[in-house]
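# Structure assessment
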Amino acid sequence: MVKGLITEQYLKDIGDAIREKTGENSVYYPSEMADKILSIQTGGGGLDLETSIILSSDVETTTTGNVTLNGILKANYDDLTPADIDLDGYLKNAPVKLYNSDDELLDTQLTDNNGVVTFNETITEDTTFYAQFDGTSDYNSCESNEVTVEYINWRDTYQEVEWIGSTGTQYIDTGLIGTNNIGFEISFTTSEPLNTSGKTIFGSRESYNRNGYQLTAYTEVSSMKGHFLYGPSRYNVDMKNDGTLNVIKFNPPVLTTAADVTTTLPSITVTTPVNLTIFCLSERYSRNEYSHTKLYSLKFYENSTIIRDFVPVYDKNTGEIGLYDKINNVFYTNDGAGVFDKGADVN
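Parameters and conventions
- Residues numbered from 1 in each chain as written.
- Predicted model: local features only at pLDDT ≥ 70, side-chain atom pairs only at ≥ 80, totals over all residues.
- Heavy atoms only, no water.
- Helix = DSSP H or I, 4+ residues; strand = E, 2+ residues; numbered from the N terminus.
- Buried < 20%, exposed > 50% of the residue type's maximum accessible area, 1.4 Å probe, protein only.
- Contact = heavy atoms within 4.5 Å.
- Areas by Shrake-Rupley, 256 points an atom, 1.4 Å probe, with all protein chains shown as cover.
- Pairing = 2+ DSSP bridges.
- Axes fitted to C-alpha atoms, helices over the stretch in contact; angles between N-to-C directions.
- Patch = residues over 30% accessible without salt bridge, like charges linked within 9 Å, V, L, I, M, F, W, Y side chains within 5 Å.
- Salt bridge = Lys/Arg side-chain N within 4 Å of Asp/Glu carboxyl O.
- Lys, Arg positive; Asp, Glu negative; His and termini not counted.
- Charge placed at Lys NZ, Arg CZ, Asp CG, Glu CD.
- Phe/Tyr/Trp six-rings, centres within 6.5 Å; stacked < 30°, edge-to-face > 60°.
- Lys NZ or Arg CZ within 6 Å of the ring centre and 35° of its normal.

### Quick look at the overall build of the chain
For the chain, the count of helices and strands is 2 helices and 28 strands. Expressed as a percentage of the 347 residues in the chain, the buried residues total 39%. Of all intrachain contacts in the chain linking residues separated by at least 6 positions in sequence, the fraction that spans at least 24 positions is 58%. Summed over its atoms, the accessible surface of the chain is roughly 18,600 Å², and 46% of this surface lies on carbon and sulfur atoms.

### Some details on the side chain of Asn-246
Among the secondary structure elements, Asn-246 is positioned in strand S18 (residues 246-251). Asn-246 has contacts with Ile-186, Ser-187, Phe-188, Thr-189, Thr-190, Asp-238, Met-239 and Lys-240, leaving out every residue within four places of it along the chain.

### Things to note about the sheet that holds strand S6 (residues 116-122)
Taken together, 3 strands build an open sheet; the order of strands is S1-S3-S6 and the sheet is antiparallel. In this open sheet, the two edge strands, each paired with only one partner strand, are strand S1 (50-57) and S6. For this sheet, the mean inter-axis angle between neighbouring strands, taken without regard to orientation, is 20°. As defined by bridge partners, S1 adjoins strand S3 (residues 66-76) across 8 bridges and the pair is classed as antiparallel. Considered in S3, the bridge of Ser-52 is made with Lys-74.

### Side note on a negative patch on the surface
Taken together, Asp-102, Asp-103, Glu-104, Glu-125, Asp-126, Glu-143, Glu-146 and Glu-150 make up a surface patch of like negative charges. Along the polypeptide, Glu-143 turns up in strand S8 (residues 142-143).

### With respect to the packing of aromatic side chains
One pass over the structure, following the stated rule, counts 19 aromatic pairs. Ring plane angle 85° and centroid distance 5.4 Å describe the contact between Phe-202 and Phe-300, whose orientation is recorded as edge-to-face. Here the residue Phe-202 occupies a position in strand S14 (residues 199-204), and Phe-300 occupies one in strand S24 (residues 293-302), the gap between them amounting to 98 residues. Ring centres of Tyr-213 and Tyr-230 lie 6.2 Å apart, and the angle between their planes is 65°; this geometry places the pair in the edge-to-face category. In this pair, Tyr-213 is assigned in strand S15 (residues 212-219) and Tyr-230 in strand S16 (residues 224-231), connecting sequence segments 17 residues apart. Look at Tyr-213 and you get buried, because its relative accessible area is 0%. An aromatic cluster of at least three residues, connected via ring pairs, comprises Phe-184, Phe-202, Tyr-213, Phe-228, Tyr-230, Phe-250 and Phe-300. Of note, Lys-294 hangs over the ring of Trp-163, and the distance from its end group to the ring centre comes to 4.3 Å.

Written as structure tokens, this is what we have:
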């Protein structure tokens, strides 16, 4: 064995290096130095970076119970670019856990290459969420902010019915302008007698055959007919006035009527001057063509995304009859005279 001398300064330098790495102020005996050096994490396991998560939800309230939550996981570092962090510090391919306020684990997902993690949840009551990253040898653990989503059960306040019916004086303003990007799906019956002028199921227009978006029932001498005014032109629609349920769909530019008969309408620009109204026609300065219609359902779409989902209901507390929009959680009531009729309760 070769023996040599180690200077006091040499041992002091080793001790200083250990203290710098550990952050301690201890004095080390030479016999302790080897074990202390081995206990120091180095390389990929010694970055010790702080992390953070920002959690958000796509909705603040929901009637469907469907919630999408997104989290962004970021590592805070100075002059370090490890392989699993992008240049902005977002931590990718990292497991993130989602919990509710009762600390129940709901899901675990990996962040994508942008540090984003997505959770799709279904709730049946008001729910508070938070996300957690457990950390690794390189990154400290962290917990996100809390996000609360309110669950609105509209059936607690409103009773669904089979239909609501107009008697010729009632109408509802949808709050929607009719355009060439708007589609619809409607189920209704009408009891317009023969030999009457046109009666509007819903619609709006500038004036006769001008800039319109209007579904109308009208009669000839011996049969019920209908038409859809789209821009300046009218298109025939098969209808019945004998209690048969009429189902009509418009997915621009395709109009679908009874027996799945389709008509492709021209690609034009349509913008009505005022909102679409149900049970009557709205023109710029008047409302007319009130119909006798029982409405079972009505949905409106914009660029194929549903923006209104009307359900016939009445208020359990006041008895007021109208349409509840499940998309925007709004109760639409009669803007005209009189009171709507209603069908049987739906359980």
